[in-house]
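Below are the chains, spelled out letter by letter.
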Amino acid sequence: MKSLMSELLSESMGKKPKKGSWAVEVEAEFKTPFTSAIPEGWVAHNEPSLRGHGIEFVNKGPVEKEKLFQLLDELFAKREFLEEYIDSPRASIHVHQNIESWGFDELIKYMLLYYFIEPVLWRLAGEQRSGNIFCLDATRASNVISDLKLLFKKDWNGLHNAFDRIKYASLNFGCITKFGSLEYRQLEGTNNADRIKQWVNVLEKIKMFAFQFDTIQDVWKQICADNRGTIIAATGLVPTVHEQDMHYSFCFLFYNEYLNSLKKNNSYYHFEQKEIE
């Protein structure tokens, strides 16, 4: 019999898993109206947060990575992106990662690792998004730990009801019940498809690195023992940030609250010692 921990998220939520891994929302402002034909595979919406001739493009996803990259190339080849694009602080790129076929334990391992290196991802996301109230990191967004408790308990109704409170976190895990995805909100607007491709590739590498660990305890041991380079290097990024920039304290709370949810929180760990006691 399959254990609760290995149960697929789609099964736990009573959903049929969707195919495909990635979807993206591209917000953009242009000097003139967008008159080119919308490429196949995309839909366009008005976005109230944008000014002037602003549009949000959403791919009909989720799709596999190679298909997403093709769709991005086709969209950004349009004249407006090449000639009329405005570098606006109001525009951003939201990437959705379909997790319905993940196991619950895989999700928890991934999120712990993601939160640890979130400061590095901010460096990649662009200065325009730093401190933006619509994509706050784990240490600035309100009620993140409280809302994570809903996730740890698999309180899907509670998590769904908390969506409006979670949706402006840089990692919007409220989308798990709404779309079956994790939403990454911090990448700044761009008309360079390669930047989005790099972002997706980094997120994919975090997943691959997290999934190689057998348990969340193994992930935590790696975080405690990390020499400020191993985990970051696994994403393909250069490990240049200092140890104090990493989210050790938040990850400590995450890990222990998760253990509390399992009623197995019998020990505590000290970052200074960098080892499990």
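The structure contained in this document is the topic of the report that follows. (Residues numbered from 1 in each chain as written. Predicted model: local features only at pLDDT ≥ 70, side-chain atom pairs only at ≥ 80, totals over all residues. Heavy atoms only, no water.)

Concerning the state of the cysteines
Working step 1: Using the criterion set out here, one finds 0 disulfides in the structure.
Working step 2: Between Cys-224, a free cysteine, and Cys-251, which holds the nearest cysteine sulfur, the sulfur-to-sulfur gap is 9.4 Å.
Working step 3: We classify Cys-224 as buried; its relative accessible area is 1%. (Disulfide = S-S within 2.5 Å. Buried < 20%, exposed > 50% of the residue type's maximum accessible area, 1.4 Å probe, protein only.)

Structural notes on the environment of Trp-220
Working step 1: Mapping Trp-220 onto the fold places it in helix α10 (residues 216-225).
Working step 2: Judged by relative accessible area, which is 1%, Trp-220 ranks as buried.
Working step 3: As for Trp-220 and Tyr-255, which are separated by 35 residues in sequence, their C-alpha atoms are 7.6 Å apart. (Helix = DSSP H or I, 4+ residues; strand = E, 2+ residues; numbered from the N terminus.)

Observations concerning the packing of helix α4 (residues 104-125) against helix α12 (residues 248-261)
The relative placement of two packed helices is expressed as an angle between their axes plus a distance between the axes.
Working step 1: Between α4 and α12, whose axes approach to 8 Å, the crossing angle comes to 160 degrees. In terms of axis orientation, α4 runs roughly antiparallel to α12. Residue-level contacts link Phe-104, Ile-108, Met-111, Leu-112, Tyr-115 and Phe-116 of α4 to Tyr-248, Phe-250, Cys-251, Phe-254, Tyr-255 and Tyr-258 of α12. (Axes fitted to C-alpha atoms, helices over the stretch in contact; angles between N-to-C directions. Parallel < 35°, antiparallel > 145°, perpendicular 65-115°, else oblique. Contact = heavy atoms within 4.5 Å.)

A few points about the pairing of strand β1 (residues 22-30)
Working step 1: By the criterion of burial, β1 is predominantly enclosed, with 9 of the 9 residues buried.
Working step 2: Residues Trp-22, Val-24, Val-26, Ala-28 and Phe-30 of β1 are buried on one face, and the alternating residues Ala-23, Glu-25, Glu-27 and Glu-29, pointing to the opposite face, are buried as well.
Working step 3: Two elements, β1 and strand β5 (residues 92-98), share 5 bridges in a ladder whose sense is antiparallel. Residue pairing for β5: Val-24 is matched across the bridge by Val-95.
Working step 4: Examined bridge by bridge, β1 and strand β3 (residues 53-59) share 6 bridges and lie antiparallel to one another. Bridging across to β3, Phe-30 finds its partner in His-53.
Working step 5: With 2 bridges connecting them, β1 and strand β4 (residues 85-86) associate as antiparallel partners. Looking at the pairing, Glu-29 lines up with Ile-86 of β4. (Pairing = 2+ DSSP bridges.)

Geometric descriptors of this kind do not, in isolation, establish any biological role.
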